[in-house]
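Residue strings, one per chain:
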Amino acid sequence: MIGAQHPAVQRLQFFLSESTWDHEQVNARRVELLLADPVTAPHAGGVLVIDDSGDRKDGTATAHVGRQWLGRLGKTDNGIVTVTTCWADENLYYPLHAVPYSPARHFPAGKSDPGFCTKLQIAAGLARSAKAAGVAFRAVAADCAYGDQDSFRRQLGEVGLPFVMALKPSHGTWAYGKDAYTPVDAARALTWTDPEHRGEWTTVERTFRDGHTETW
């Protein structure tokens, strides 16, 4: 807090909070420069990482604030959550777009309000924005908060975006007890060589609770 009232600091705060510049136009220009620079230009071997980040915030007057899950703190608390995308490869990464999530209490009709968007809807929109901006990437990557959601993966599939998502260990178990079989098991059974030679589909024999079997 030392120096917070210094005129230079106050001028910066005033500029950030009161100026009339359009932050989306500023960010679009920043992304445009990143795409044009050979050092940072995205390529088809990179990935588009989707995540969200929450920060605790006191009070209820601030835009987008609400009681919700804050991943950074690992608990539900009063705060603000922002859904983000970044581009990454083995050598570098940089942020692309960010949109704050507004809890339903900020809308007159709650979750039924036309303006309300879930974090999954925001994330899918950000993936489409990256594609529209000309960002090249091999796949969308996200943790199990997104990977466990069928609707989110469906939205990506509808616009032709491949994805690699984490799943909770219990997600997608296809059998019970000693016969438990998950998508991870199926992936390990494939004849994987490399990203360009991913192997063919492998049949899976499923045994159901009533004893009958099916070949998938």
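Residues numbered from 1 in each chain as written. Predicted model: local features only at pLDDT ≥ 70, side-chain atom pairs only at ≥ 80, totals over all residues. Heavy atoms only, no water.

Caption draft 1: Examining the overall build of the protein more closely. Counting its secondary structure elements, the protein contains six helices and eight strands. Written out in order from the N terminus, the α and β elements of the protein read α-α-β-β-β-β-α-β-α-α-β-α-β-β. Taken over the C-alpha trace, the protein has a radius of gyration of 22 Å; the compact-globule value for 216 residues is 17 Å, which it surpasses by more than 25%. Here the protein holds 216 residues, and 28% of them are scored as buried. For the protein, the proportion of contacts with a sequence separation of at least 24, taken over those separated by at least 6, is 46%. As displayed, the protein offers around 14400 Å² of accessible surface, 57% of which is attributable to carbon and sulfur atoms. Within the protein, one finds 22 positive and 25 negative side-chain charges whose respective centroids are separated by 6 Å. (Helix = DSSP H or I, 4+ residues; strand = E, 2+ residues; numbered from the N terminus. Rg over C-alpha atoms; globule rule 2.2 N^0.38 Å. Buried < 20%, exposed > 50% of the residue type's maximum accessible area, 1.4 Å probe, protein only. Contact = heavy atoms within 4.5 Å. Areas by Shrake-Rupley, 256 points an atom, 1.4 Å probe, with all protein chains shown as cover. Lys, Arg positive; Asp, Glu negative; His and termini not counted. Charge placed at Lys NZ, Arg CZ, Asp CG, Glu CD.)

Caption draft 2: How the structure looks around the pairing of strand β4 (residues 93-101). Bridge analysis of strand β3 (residues 75-88) against β4 gives eight bridges, and the strand direction is antiparallel. Residue pairing for β4: Thr85 is matched across the bridge by His97. Counted along the chain from β3 to the antiparallel partner β4, the turn is four residues long. (Pairing = 2+ DSSP bridges.)

Caption draft 3: Layout of unusual backbone geometry. Positive phi is not limited to glycine here, since His64 has a value of about 75°. Looking at the secondary structure, you find His64 in the loop between β1 (47-56) and β2 (66-70).

Caption draft 4: Main features of the environment of Cys117. Along the chain, Cys117 falls in the loop between β4 and α3 (119-132). With a relative accessible area of 36%, Cys117 lands in the partly exposed category. With residues near it in sequence (within four places) discarded, Cys117 still touches Tyr101 and Ile122.

Caption draft 5: Representation of the state of the cysteines. Summed over all chains, the structure comprises zero disulfides. With no disulfide of its own, Cys86 lies closest to Cys144 among cysteine sulfurs, the gap being 17 Å. Under the relative-accessibility criterion, Cys86 is labelled buried at 18%. (Disulfide = S-S within 2.5 Å.)

Caption draft 6: The arrangement of helix α5 (residues 150-158) in detail. Within the sequence span of α5, burial applies to Phe152, Arg153 and Leu156. Take α5 and look down its axis: the buried residues cluster within an arc of 95°, on one side only. Tucked into the core, α5 has its buried residues touching β1, α3, β5 (139-142), α4 (144-147) and β6 (163-165). Gly160 lies just past α5 and shows a positive phi near 75°. (Arc of directions from axis to C-beta.)

Caption draft 7: Local environment of the side chain of Ser102. One can find Ser102 in the loop between β4 and α3. Looking at Ser102, the relative accessible area reads 14%, which means it is buried. Separated by 2.6 Å, the side chains of Ser102 and His64 make a polar contact. (Polar contact = N/O pair within 3.5 Å; in protein donor to acceptor, adjacent residues only side chain to side chain.)

Caption draft 8: Highlighting the nonpolar core. Counting 28 residues, the largest nonpolar core has Ile50, Leu96, Phe137, Val140, Tyr146 and Phe152 as its most contacted members. Only α2 (23-36), β1, β3, β4, α3, β5 and α5 provide two or more residues apiece to this core. Among the elements that take part in this core, α3 stands out by supplying seven residues, more than any other. (Core = buried A, V, L, I, M, F, W, Y, C linked by side-chain atoms within 4.5 Å.)

Caption draft 9: Highlighting the pattern of salt bridges. Counted by the stated rule, this structure contains seven salt bridges. Among the ionic pairs, Lys75 bridges to Asp77, the shortest N-O distance being 3.8 Å. Taking relative accessible area as the criterion, Lys75 reaches 42% and is therefore assigned partly exposed. Each of Arg56, Asp58, Arg67, Lys75 and Asp77 takes part in a single network of salt bridges with overlapping partners. (Salt bridge = Lys/Arg side-chain N within 4 Å of Asp/Glu carboxyl O.)

Caption draft 10: Here's a closer look at the packing of α3 against α5. Across the interface, α3 lies against α5 with an axial gap of 10 Å and an inter-helix angle of 20°. Here α5 runs roughly parallel to α3, going by the angle between their axes. In the packing of α3 onto α5, the handedness of the crossing is right-handed. Across the interface between the two elements, Leu120, Gln121, Ala123, Ala124, Ala127 and Arg128 of α3 pack against Ser151, Phe152, Gln155 and Leu156 of α5. Residue composition of the contact of α3 with α5, grouped by class: six nonpolar, three polar and one charged. (Axes fitted to C-alpha atoms, helices over the stretch in contact; angles between N-to-C directions. Parallel < 35°, antiparallel > 145°, perpendicular 65-115°, else oblique. Left-handed = near helix turned anticlockwise from the far one by under 90°. Nonpolar A, V, L, I, M, F, W, Y, C, P; charged D, E, K, R; others polar.)

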